[in-house]
Amino acid sequence: MTAEATPPCQRVAFGQLRDTLARLFERHGTSGEVAAILADNCASAERDGAHSHGVFRIPGYLSSLASGWVDGRAVPEVQDSAPGFIAVDARNGFAQPAYAAARDLLVAKARANGIALLAIRNSHHFAALWPDVEPLAEQGLVGLALVNSMACVVPHGGTRPLFGTNPIAFAAPRDGHPPLVFDLATSAMAHGDVQIAAREGRLLPPAHGVDAAGQPTCDPRAVLDGGALLPFGGHKGSALSMMVELLAAALTGGHFSFDFDWSGHPGAQTPRTGELIIAIDPAKSAGRSFAQRCNDLVAAMADAGQQRQPGRQRQRQRAQSLREGVALPVATWAELQRLAAA
Ligand SMILES: NC(=O)C1=CN([C@@H]2O[C@H](COP(=O)(O)OP(=O)(O)OC[C@H]3O[C@@H](n4cnc5c(N)ncnc54)[C@H](OP(=O)(O)O)[C@@H]3O)[C@@H](O)[C@H]2O)C=CC1
Ligand SMILES: O=C(O)C1=NCCCC1
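Residues numbered from 1 in each chain as written. Chains lettered and ligands numbered in written order. Predicted model: local features only at pLDDT ≥ 70, side-chain atom pairs only at ≥ 80, totals over all residues. Heavy atoms only, no water.

## Brief notes about the side chain of Glu 46
Here is step 1 of the chain: Following the sequence through the fold, Glu 46 ends up in helix α2 (residues 32–47).
Here is step 2 of the chain: The side chain of Glu 46 is buried and forms no salt bridge, while Arg 199, the nearest opposite charge, is found at 8.3 Å.
Here is step 3 of the chain: Within polar-contact distance, the side chain of Glu 46 engages the backbone nitrogen of Val 55 at 2.9 Å.
Here is step 4 of the chain: Look past the residues within four positions of Glu 46 in its chain and what remains in contact with it is Leu 17, His 51, Gly 54, Val 55, Phe 56, Val 326, Ala 327 and Leu 328. (Helix = DSSP H or I, 4+ residues; strand = E, 2+ residues; numbered from the N terminus. Buried < 20%, exposed > 50% of the residue type's maximum accessible area, 1.4 Å probe, protein only. Lys, Arg positive; Asp, Glu negative; His and termini not counted. Salt bridge = Lys/Arg side-chain N within 4 Å of Asp/Glu carboxyl O. Polar contact = N/O pair within 3.5 Å; in protein donor to acceptor, adjacent residues only side chain to side chain. Contact = heavy atoms within 4.5 Å.)

## Some details on the site of ligand 1
Here is step 1 of the chain: Neighbouring ligand 1 are 23 residues, the closest being His 53, Ala 127, Asp 183, Ala 185 and Arg 308.
Here is step 2 of the chain: With respect to ligand 1, the side chain of His 125 contributes an N or O atom lying 3.3 Å from a nitrogen atom.
Here is step 3 of the chain: One of the backbone N or O atoms of Ala 127 is found 2.8 Å from a nitrogen atom in ligand 1.
Here is step 4 of the chain: Relative to its unbound accessible surface of 920 Å², ligand 1 loses 73% to contact with the protein.
Here is step 5 of the chain: Elements with a contribution of two residues or more to the shell around ligand 1: β7 (180–184) and α10 (312–324).
Here is step 6 of the chain: Per-element accounting of the shell around ligand 1 gives the leading share, 4 residues, to β7.
Here is step 7 of the chain: Here the residues of the shell around ligand 1 are counted per class, giving 10 nonpolar, 8 polar and 5 charged.
Here is step 8 of the chain: Per-domain counts for the shell around ligand 1 show at least three residues from each of domain 1 (1–67 + 311–342) and domain 2 (75–187 + 231–310). (Near = heavy atom within 4 Å. Areas by Shrake-Rupley, 256 points an atom, 1.4 Å probe, with all protein chains shown as cover. Nonpolar A, V, L, I, M, F, W, Y, C, P; charged D, E, K, R; others polar. Domains from an automatic or database assignment.)

## Focus on the pattern of salt bridges
Here is step 1 of the chain: Per the stated rule, a full pass over the model turns up 15 salt bridges.
Here is step 2 of the chain: In this structure, Arg 18 and Asp 40 form a salt bridge, with 3.7 Å as the shortest nitrogen-oxygen distance. Residue Arg 18 is found in helix α1 (residues 14–27), and its partner Asp 40 is found in helix α2; the two are separated by 22 residues along the sequence.
Here is step 3 of the chain: Owing to a relative accessible area of 29%, Arg 18 belongs among the partly exposed residues under this scheme.
Here is step 4 of the chain: On the accessibility criterion, Asp 40 (33% relative accessible area) is partly exposed.
Here is step 5 of the chain: Close ionic contact of Asp 48 with Arg 314 constitutes a salt bridge, the shortest N to O distance being 2.7 Å. Taken as a pair, Asp 48 in the loop between α2 and α3 (58–67) and Arg 314 in helix α10 lie far apart in primary sequence, 266 residues in all.
Here is step 6 of the chain: A relative accessible area of 3% means that Asp 48 is categorised as buried.
Here is step 7 of the chain: Connected via shared salt-bridge partners are Arg 47, Asp 48, Glu 134, Arg 314 and Arg 318.

## Describing the packing of aromatic side chains
Here is step 1 of the chain: For the structure on display, the rule yields 8 aromatic pairs.
Here is step 2 of the chain: Taking 5.9 Å as the distance between ring centres and 40° as the angle between the ring planes, the aromatic pair formed by Trp 69 and Phe 260 counts as tilted. One end of the pair, Trp 69, is in the loop between α3 and β2 (77–82); the other, Phe 260, is in the loop between α8 (235–250) and β11 (272–280), with 191 residues separating them in the sequence. You'll find Trp 69 and Phe 260 in the same group, each marked buried.
Here is step 3 of the chain: Look at Phe 170 and Phe 182: their rings are 5.6 Å apart centre to centre, the planes differ by 25°, and that puts the pair in the stacked class. Taken together, the residues Phe 170 in strand β6 (residues 168–172) and Phe 182 in strand β7 connect sequence positions 12 residues apart.
Here is step 4 of the chain: Phe 182 gets classed as partly exposed once you look at its relative accessible area, which sits at 32%.
Here is step 5 of the chain: A connected cluster of aromatic rings, assembled from ring pairs, spans Phe 25, Tyr 61, Phe 94 and Phe 126.
Here is step 6 of the chain: Lying over the aromatic face of Phe 14, Arg 47 brings its terminal NZ or CZ to 5.0 Å of the ring centre. (Phe/Tyr/Trp six-rings, centres within 6.5 Å; stacked < 30°, edge-to-face > 60°. Lys NZ or Arg CZ within 6 Å of the ring centre and 35° of its normal.)

Listed below in structure tokens is the structure:
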């Protein structure tokens, strides 16, 4: 396997990228409102260097829309179920507009009750998860989000794929600093990164995937063509992935990762599942400010030798992209502009 040379890149202003993506989504079957939300999400991922969920995902969004599998014009239905619980039916649309429709209510309930849950079902999440929690922490809340995807991960000790790559994102407010955020797939690698490795002709690290016969492989194409990923950390990641299935699907009323049939929609790539978002107001707790204690912990971690805190690299990349423009391969930017005009 020979790795491809890095293609020539150019810098594009964040606003220009976001506006182009909004036009692109609207031209390809979403409402203007949905287009604006997806464009902001996708451009933000690219801006922050989250390449597996930035513009790389555009062909998958468009083929899913064209296949009729996902409704780009869906209007979500928000149900104020209980003092601490909101249920949203995304009506077969994307998860982000469903979240946007209920976010203010989630924040209000978290502030009133100390904690609130937002359970989204019948939704398609094709993106990074940190954008769903980081804004909560910017408002002083602790945020936790879980989403399940499509069966491509073998449970620990199992023989066939069952779980999705099932990410968990967490954000906590800090005093005088950007929030502390992590966002990670519970698989050894995100499916998107396997696709990127295959495209770029790179091997996977050992113990990340198996081929169609269940044998360990480092060939990304073997993982994608009938093979599967492994959970990260053996039985531990597998248990977390199981928890994501339960909270993001069973609790919300969404589909499990193994439990939807997109075979009638060639080109469909967006998993039709569910998402759970939990917001906690730390101001309700007794004792010193939570945000200050978060600082204390980060300082102690640095003192113990951990120099890179989760989310720090992404925040650095964001600052550089906002200063200099978002770096995109020249051919990719030309293609996005073509699709936006098509
Ligand atoms: N919608 C969906 O169904 C799915 C979406 N995804 C998305 O894919 C994206 C990538 O996931 P994944 O590949 O697991 O993420 P990574 O393994 O790249 O990163 C996971 C987290 O660990 C942090 N981190 C990475 N390296 C270090 C280090 N050396 N020291 C300290 N912290 C570190 C990252 O911070 P930093 O960001 O600063 O690098 C990040 O918060 C996520 O945004 C996820 O939401 C994944 C699966 C399914
Ligand atoms: O990278 C992944 O893993 C996924 N991302 C978007 C949804 C499907 C799984």
